[in-house]
Amino acid sequence: RDSSLRLVGSEMCIRDSADDEITWQVYVPKSYDPKKPAGLLVYISPGPFGDMPSGWRPIFDDENLIWISADRSGNRARTKDRMLFATLAPYVVSERYAIDPERIYLSGFSGGGKAASIAAVHFANLFTGAIYICGVEFWSGLSPSLLSQVQSNRYVFVTGGRDFNRLLTGNIYRKYEDAGVPNIKLMTIPGMGHDTPDTNRLREAIQYLDRRE
């Protein structure tokens, strides 16, 4: 169907000919310069709106990253819809901004982290890295070529010392190791429960994804 893209403040949306609408919350760093393509972090929230967690904006300014997160993509949404919104997001942003294809990352928290972990591997040719926050699942049925792409990407597993998903996160981290994925990092944050990390920890995760060896 024919579709059109519009930007309203910090919100982007696609409206198609059936008058349906998908909206994303977007943050563009103050440092953005079209001559220096920005990285992109696509985020899957467990809640109904794609708002950025409090306090994270300075990281996106400092690291030249654009944020995008779909509304109506929370835990009540179908997983296939959450994956669709996430994979559409880079194309939505690239309509208006210069994006570095080597810095297209996917993240999510809790149930959003689980959805992100499914999309990140099945679309490993699109997302070059991912940050799973207090929620992750292991893949099944990957083709050899797709597994090879996963093995060339980078992944960060974030959990807290008091997170009820801590043991599961550690177990799946080890499954990535066993599958021959070399560029992985497990961050267990002392004292943190089932929550999003602070700015310093998020910065550490993003900088790990940005490493080029």
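Above this text is the structure in question.
The rules behind the values
- Residues numbered from 1 in each chain as written.
- Predicted model: local features only at pLDDT ≥ 70, side-chain atom pairs only at ≥ 80, totals over all residues.
- Heavy atoms only, no water.
- Helix = DSSP H or I, 4+ residues; strand = E, 2+ residues; numbered from the N terminus.
- Rg over C-alpha atoms; globule rule 2.2 N^0.38 Å.
- Contact = heavy atoms within 4.5 Å.
- Areas by Shrake-Rupley, 256 points an atom, 1.4 Å probe, with all protein chains shown as cover.
- Lys, Arg positive; Asp, Glu negative; His and termini not counted.
- Charge placed at Lys NZ, Arg CZ, Asp CG, Glu CD.
- Salt bridge = Lys/Arg side-chain N within 4 Å of Asp/Glu carboxyl O.
- Buried < 20%, exposed > 50% of the residue type's maximum accessible area, 1.4 Å probe, protein only.

> Which residues make up the overall build of the protein chain, and what values go with them?
On a plain count of helices and strands, the protein chain comes out with six helices and nine strands. Its C-alpha atoms give the protein chain a radius of gyration of 16 Å, near enough to 17 Å, the size a compact globule of 213 residues would have. In terms of principal-axis extent, the alpha carbons of the protein chain reach across some 45 × 35 × 35 Å. Looking at the protein chain alone, contacts between residues at least 24 apart form 71% of all its contacts between residues at least 6 apart. Looking at the protein chain as shown, the accessible area adds up to about 10100 Å², and 48% of this sits on carbon and sulfur atoms. Charged side chains of the protein chain number 25 positive and 25 negative; the gap between the two group centres comes to 3 Å.

> An account of the pattern of salt bridges is needed here, citing residue identities and associated values.
Summed over the entire model, instances satisfying the criterion amount to six salt bridges. Here Asp-62 makes a salt bridge to Arg-203, at a shortest N to O gap of 3.2 Å. Taken together, the residues span a long stretch of sequence, with Asp-62 in helix α1 (residues 57-62) and Arg-203 in helix α6 (residues 199-210) at a distance of 141 residues. The class of Asp-62 is exposed, set by a relative accessible area of 52%. Among the ionic contacts, a cluster of salt bridges with common partners joins Asp-62, Glu-63 and Arg-203.

All we've got here are geometric facts, nothing functional implied.
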